[in-house]
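Here is what each chain is made of, one letter per residue.
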Amino acid sequence: MQPQRLTPGSLRKCTIGCSLLDKLLCGGIPCGSVTEFVGEASAGKTQACLQLLVTCQWPLDHGGLHGKAMYMYTEGDPSMKRLNAFMSASPHQASPANIYWERDIVDGEDLYRRLQDTEVIMRQPQGLPLRLLIIDSIAHLFRDIGDHTDASAYVRRTGMLFRLSALLRRFADTYKLAVVVTNQVSDAITDADLSSNQRAPASKHTGGLRLLSSGRELVPALGLAWANCVNARLFLSRTEVTIASSYWQNSCDVARSGSAPPSLPLRYMQVVFSPCLPQDTCLYVVTQTGLKGVDNASVGFAERQGLDSRQQQHVQKPLCSGATGLASGAKGLDTHNNMQAQAVSHNGLCVSNRALGCTIPSQNVSKQTACKLATGVFAPG
């Protein structure tokens with residue numbers, strides 16, 4: 001018996017196809033672990049998965065894995081039109097022939113059996129090796145347990161989740177796969193005020209962080225049992241703010257085909273937890289050719305007017321010291337309804353407000369600092 005090295009050399013990562021999003025993830029989605037995209041409908045989870053189906057076929061020296069992908073879609077038929085659009089815009093060769101498809105999955109047991117059947121592809125690849133496994137979505141198979149509301153039904157569900165998790169981790173570790181799953185969310189049921197300094201009970205499910213999207217506090221589905229089954233959780237959130245196409249075209253990878261719309265809604269990608277990533281965020285938009293990150297420094301917000309005294313006393317601390325400052329002037333902000341700001345000076349930087357759905361832990365700051373935030377925006381240091 002040979003001892004197993006617990007800290008192997010650096011594993012490859014699969015690029016998302018955007019330099020800014022890759023920077024947030026320190027290179028992309030890692031092989032050898034299970035990564036979860038969680039968010040509400042239309043947040044961009046499936047778009048990110050389709051984009052990974054393309055980028056995993058890219059050459060190794062361009063951030064890809066030079067391999068095939070397995071896509072297990074549990075919610076009907078995947079959008080082949082979107083996938084073809086992503087492939088047409090890809091700077092490197094990508095083909096649907098390098099993607100294995102699984103659909104019409106009935107329940108968790110069916111998913112488990114199909115996963116077991118795919119192992120032969122991993123052991124004996126034909127052509128390019130299998131390098132990416134995506135399940136979109138895991139929650140769709142487990143959220144509805146029908147009329148079986150007794151305790152035994154939940155015990156069986158939790159047991160199946162653990163079996164699936166063990167199988168996915170074994171695949172990731174043994175075959176050095178990048179495993180990606182998507183999860184859904186539920187509205188957080190709490191009596192606590194979002195602007196209060198006291199953490200809401202729902203935040204206990206996310207390590208004390210508040211997950212906000214479209215102005216609502218959310219909780220990932222499947223509970224704490226599933227949260228312990230994934231290595232990393234990335235929260236994708238929607239905002240009520242739109243940005244002119246000129247901003248994101250100049251800030252990241254410009255779309256290579258098609259005409260850009262005049263404006264697009266901003267979204268957030270947030271690192272909730274990960275063994276190797278800091279908690280941080282990155283703005284992005286979903287374009288005709290995929291997810292494109294938006295440089296925070298190039299995005300502005302309207303001056304923070306109309307903050308009442310209660311909001312000023314409960315502005316909140318950014319997730320990490322690396323948060324990037326945001327200047328003034330973004331379009332689409334309603335200062336009366338949406339300017340419930342969550343910002344604080346941190347080493348001369350300013351972080352976004354609640355209207356953008358940013359996830360920020362609570363902490364009071366001085367009244368002087370809050371007054372400065374109410375009258376203007378801190379410039380980056």
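Worth saying up front: this structure is predicted, and the values here are computed from it rather than measured.

1. Comments concerning the packing of aromatic side chains
All chains considered together, the criterion is met by three aromatic pairs. Feature note: the residues Tyr71, Tyr73 and Trp101 constitute an aromatic cluster, connected by ring pairs. When the ring centre of tyrosine 112 is taken as reference, the NZ or CZ atom of arginine 163 above it lies at 4.4 Å.

2. A few points about the confidence of the model for the protein chain
Overall, the predicted model of the protein chain reaches an average pLDDT of 74, with 64% of residues at or above 70. Scored below 50 in pLDDT, residues 250-258 makes 23 contacts in the model with residues more than four places away or belonging to other chains. Confidence drops under pLDDT 50 across residues 301-381; counting only partners more than four residues distant or on other chains, this segment forms 203 contacts.

3. Focus: the sheet that holds strand β10 (residues 216-220)
In spatial order, the strands read β8-β10-β9; together these three strands make up an open sheet with antiparallel pairing. Two strands in the sheet have a free side with no partner beyond their single neighbour: β8 (185-187) and β9 (211-213). Averaged over all pairs of adjacent strands, the angle between strand axes in this sheet comes to 50 degrees, irrespective of strand direction.

4. Regarding the pattern of salt bridges
One pass over the full model with this rule turns up 10 salt bridges. The partner of arginine 103 in a salt bridge is aspartate 77, and the shortest N-O contact between them spans 3.8 Å. Note that arginine 103 is positioned in the loop between β5 (99-102) and α4 (108-123) and aspartate 77 in the loop between β4 (68-73) and α3 (80-89), a separation of 26 residues in sequence. Glutamate 119 is paired through a salt bridge with arginine 170; the nearest N and O atoms lie 2.9 Å apart. In this pair, glutamate 119 sits in helix α4 while arginine 170 sits in helix α5 (residues 151-175), placing the two residues 51 residues apart along the sequence. Since its relative accessible area comes to 36%, arginine 170 is described here as partly exposed. One network of salt bridges, with partners in common, ties together Glu102, Asp110, Arg113 and Arg114.

5. Some words on unusual backbone geometry
Excluding glycine, residues mostly carry a negative phi; peptide bonds, for their part, are mostly trans. The residue after aspartate 136, namely serine 137, is reached through a cis peptide bond having omega 0 degrees. Locating serine 137 in the fold gives a position in the loop between β6 (130-136) and α5. Look at aspartate 104: it is not a glycine, yet its phi comes out positive at around 55 degrees. Looking at where aspartate 104 falls in the secondary structure, it is placed in the loop between β5 and α4. A relative accessible area of 56% means that aspartate 104 is categorised as exposed.

6. Some points on empty space enclosed by the protein
Here the structure, examined in full by the defined rule, presents four cavities of 30 Å³ or more. What the largest cavity holds in volume is close to 120 Å³. Lining the largest cavity are 12 residues, with Trp58, Phe86, Ser90, Thr289 and Lys292 sitting closest to its centre. Listing elements by their share of the lining of the largest cavity, those giving two or more residues are α2 (45-55) and α3. With three residues, the single largest contributor to the lining of the largest cavity is α2. Taken together, the residues that form the lining of the largest cavity break down as five nonpolar, five polar and two charged.

7. What about α4?
For an α-helix, 3.6 residues make a turn, and residues three or four places apart therefore share a direction. In a regular helix each residue adds 1.5 Å, so 16 residues correspond to 22 Å; α4 covers 23 Å between its end C-alpha atoms and thus fits that length. For α4, the complete set of buried residues consists of Gly108, Asp110, Leu111, Tyr112, Arg114, Leu115, Thr118, Glu119 and Met122. Near the N-terminus of α4, the side chain that reaches the backbone nitrogen of glutamate 109, with its oxygen 3.3 Å away, is that of aspartate 107.

Parameters and conventions
Residues numbered from 1 in each chain as written. Predicted model: local features only at pLDDT ≥ 70, side-chain atom pairs only at ≥ 80, totals over all residues. Heavy atoms only, no water. Phe/Tyr/Trp six-rings, centres within 6.5 Å; stacked < 30°, edge-to-face > 60°. Lys NZ or Arg CZ within 6 Å of the ring centre and 35° of its normal. pLDDT = per-residue confidence, 0-100. Contact = heavy atoms within 4.5 Å. Pairing = 2+ DSSP bridges. Helix = DSSP H or I, 4+ residues; strand = E, 2+ residues; numbered from the N terminus. Axes fitted to C-alpha atoms, helices over the stretch in contact; angles between N-to-C directions. Salt bridge = Lys/Arg side-chain N within 4 Å of Asp/Glu carboxyl O. Buried < 20%, exposed > 50% of the residue type's maximum accessible area, 1.4 Å probe, protein only. 1 Å grid on protein atoms, 1.4 Å probe; cavity = no way out; pocket = protein on both sides within 12 Å on 5 of 7 lines; lining within 4 Å. Points joined across faces, edges and corners; volume = space filled by probe spheres on them. Nonpolar A, V, L, I, M, F, W, Y, C, P; charged D, E, K, R; others polar. Expected span 1.5 Å × (residues − 1). Polar contact = N/O pair within 3.5 Å; in protein donor to acceptor, adjacent residues only side chain to side chain.

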